[in-house]
Amino acid sequence: MRDEDLPGLLLDWYDRHARDLPWRIPPGSNAAPDPYRIWLSEVMLQQTTVAAVKSYFERFATIWPTVQDLAGAEDAAVMAEWAGLGYYARARNLLKCAREVASRGGFPTDYESLLTLPGIGPYTAAAISAIAFGQPSVVMDGNVERVMSRLHDEHTPLPQAKPILHSHAAALTLRTRPGDYAQAVMDLGATICTPKSPACGICPWRDPCRARAAGTQGELPKKTPKKPKPTRLGIAYVAIREDGAVLLETRPDKGLLGGMLAWPTTDWSDDPAPAPPLDATWQDTGTEARHTFTHFHLRLAIHTATAPASAEPHRGVFVPRADFRPSSLPTLMRKVWDLTPETLRRL
DNA sequence: TATACGTGGTC
DNA sequence: TGACCAAGTAT
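Along each chain, residues carry numbers from 1 onward, in the same order as the chain's sequence is written. Think of it this way: whatever chain is written first is A, whatever ligand is written first is 1, and the rest follow in order. pLDDT decides what is reported in this predicted model: residues at 70 or higher carry local features, side-chain atom pairs at 80 or more are listed and counted, and totals for whole chains, interfaces and linings draw on all residues regardless. Only hydrogens and water are set aside; all other atoms, that is, all heavy atoms of the structure, feed into the side-chain values.

Colleague: Describe in detail the overall build of chain A, supporting the description with residues and values.
Modeller: Helix and strand assignments follow DSSP, with helices taken as H or I runs no shorter than four residues and strands as E runs no shorter than two, numbered in order from the N terminus. When helices and strands are tallied, chain A shows 14 helices and six strands. Considered along the principal axes of its C-alpha atoms, chain A spans approximately 75 × 45 × 30 Å. Whether a residue is buried, partly exposed or exposed follows from its accessible area with a 1.4 Å probe, protein chains only, as a fraction of its type maximum: under 20%, in between, or over 50%, in that order. Scored against the burial criterion, the 347 residues of chain A give a buried share of 47%. Taking the intrachain contacts of chain A between residues at least 6 apart in sequence as the baseline, contacts between residues at least 24 apart amount to 68%. Summing over all exposed atoms, chain A offers an accessible surface of approximately 16,900 Å²; the carbon and sulfur share of this is 52%. Charge assignment in this entry is limited to Lys and Arg as positive and Asp and Glu as negative, and neither His nor the chain termini are counted. To locate a charge, the coordinates of NZ of Lys, CZ of Arg, CG of Asp or CD of Glu are taken. Computed over 39 positive and 38 negative side-chain charges, the inter-centroid distance for chain A is 5 Å. For this analysis, residues touch if any pair of their heavy atoms sits within 4.5 Å. Using the Shrake-Rupley algorithm and a 1.4 Å probe, accessible areas are obtained, with residue cover drawn only from the displayed protein chains.

Colleague: Residue-level account of the packing of aromatic side chains, with values.
Modeller: Pairing of aromatic side chains requires ring centres within 6.5 Å, counting the rings of Phe and Tyr and the six-membered ring of Trp. Pairs whose planes differ by under 30 degrees are stacked, by over 60 edge-to-face, and all others tilted. This model, assessed by the stated rule, comprises eleven aromatic pairs. Arranged with centres 5.1 Å apart and planes meeting at 40°, the rings of Phe 293 and Phe 296 form a pair that is tilted. The pair formed by Phe 293 and Phe 296 is uniform in burial state, with each residue classed as buried. Summarising the aromatic geometry, the rings of Phe 324 and Trp 337 are spaced 5.0 Å apart at their centres and angled 85° between planes, so their arrangement reads as edge-to-face. In this pair, Phe 324 is assigned in the loop between β6 (317-319) and α13 (331-339) and Trp 337 in helix α13, connecting sequence segments 13 residues apart.

Colleague: Now, about the domain arrangement of chain A: what can you tell me, with residues and values included?
Modeller: One can read the domain layout of chain A as domain 1 (3-219) and domain 2 (231-345). Taking only C-alpha atoms, the centre of domain 1 and the centre of domain 2 are 36 Å apart. The interface of domain 1 with domain 2 comprises seven residues on the first partner and eleven residues on the second. Where domain 1 abuts domain 2, roughly 660 Å² becomes buried across the two surfaces, and 58% of that area is made up of carbon and sulfur atoms. Here the buried area means the combined drop in accessible surface, using a 1.4 Å probe, for two parts upon being joined, counting both sides. Three residues stand out in domain 1 for area buried against domain 2, namely Ala 83, Tyr 88 and Arg 92, and they jointly supply 60% of the buried area on that side. Any carboxyl oxygen of Asp or Glu that lies within 4 Å of a side-chain nitrogen of Lys or Arg is treated as forming a salt bridge with it. Summed over the shared surface of domain 1 and domain 2, the result is zero salt bridges. Here a polar contact is recorded for every N or O atom pair within 3.5 Å, except that within protein the pair must consist of a potential hydrogen donor and a potential acceptor, and residues adjacent in sequence are included only if both atoms are side-chain atoms. Between the two partners, domain 1 and domain 2, sit two residue pairs in polar contact (both at pLDDT 80 or more). Of the residues in the side of domain 1 that touches domain 2, the class split is five nonpolar, one polar and one charged. Segmentation of the chain into domains, including their bounds, is taken from an automatic or database domain assignment. Ten residue types, Ala, Val, Leu, Ile, Met, Phe, Trp, Tyr, Cys and Pro, are classed as nonpolar, four, Asp, Glu, Lys and Arg, as charged, and the remainder, Gly among them, as polar.

Colleague: Tell me what's going on with the protein's contact with DNA strand B, and back it up with residues and numbers.
Modeller: Near DNA strand B, the surroundings consist of 20 residues, among which Tyr 88, Lys 227, Leu 257, His 291 and Thr 331 are the closest. Each residue is tested against the molecule or strand, and it is near if at least one of its non-hydrogen atoms lies within 4 Å. A breakdown of the atoms of DNA strand B within 4 Å of the protein gives sugar and phosphate a share of 65%. Leu 256 is positioned such that a nitrogen or oxygen atom in its backbone is 3.3 Å from a phosphate oxygen of DNA strand B. Within the backbone of Leu 257, one N or O atom sits 2.5 Å away from a phosphate oxygen of DNA strand B. Elements represented by at least two residues in the surface near DNA strand B include exactly β4 (283-292) and α13. Tallied by class, the residues present in the surface near DNA strand B amount to eight nonpolar, ten polar and two charged.

Colleague: Could you give an account of α13, with specific residues and numbers?
Modeller: Owing to its 3.6 residues per turn, the α-helix brings residues three or four apart onto one side. Listing the buried residues of α13 in full gives Leu 332, Met 333, Val 336 and Trp 337. For α13, the buried positions fall inside an angular range of 145° around the axis, keeping them on one side. Here the buried face of α13 lies against β1 (231-241), β2 (246-250), β3 (261-262), β4, β5 (297-307) and α14 (342-345). Note that the arc is defined by the directions from the helix axis to the C-beta atoms.

Colleague: Go over helix α10 (residues 162-172) with me, naming the residues and quoting the values.
Modeller: Within the sequence span of α10, burial applies to Leu 165, Ala 169 and Leu 172. Around the axis of α10, the buried residues are gathered within 55° of arc, so they sit on the same side. The exposed residues of α10 that point more than 90 degrees off its buried face are Pro 163 and Ala 171. In this structure, the buried residues of α10 make contact with α1 (6-17), α9 (142-151) and α11 (178-191).

Now the structure itself:
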């Protein structure tokens, strides 16, 4: 098996097995990819599964069919539509990027220019230039790292191995069909060369794969062990006015859940100081929302209060119940609402 | 180079 | 059930 045969082998497989995805131009189609849809899908797919992205992509593409439409959207509308997808800096950067692209009249086509846009890093710049503009960029994501580590039986742990794996990937990236090739390697990683129990028997690269020959595919890629997650504590304050309005605030742009609608809370720490957003008689419901973020566990106690029509909160604004959509909250805050006693939620 | 940054599925 | 993991980026 010669190295130059590998891309062709993979493209043959992709021609027969490419998944049908809402943002994808099927192999063999003459249609031109829409850079806006490619960009939108790639940003959504950062550290996020295809299954989670699909419905969000459909909604965004329907509400804002072009980058000009998105550039003209209200910040709050975009954040509300992104709620539940996670990594909210992506949504803030999405809007910044849309406005920059719209003002310059379209997406740049080359890797270096794409890299300067907000929310577009090495992976996304390579993916857009390859998939939307047919450039032979080296597309490196978690899938490609895993596939390359196995193909070459590379035991150096990540992230140390990144340069080695990148050079392996670069050696396979050709001028022919770079967009299809990039998607093919990622599809291979997502559906066959999976992290656990890869389906080597049906892999188009089973013969050249060095890890398969050595029987090491299940242990690759090696990774440096992760730190344990600490547990932090906090209190979420759910205030409901006599007319049913709920007290919410928009979190600061920087930091966790930045820019998202949320119940006022204390700090999240070992021993948070109480910080009720309203002078009222607060009740401890005795229940807590448990949530795990990337780097810590959180236990958020839920305190509730009812407020008169004249109530003036220190923080946040009362949102009329008719305008309140739990689906516009990030998942942690939606959990808090779901755990709030039914008798209060019905007020 | 290391850390902050979400969420849901899987085993 | 808890740890791992996913089409990463910003700082």
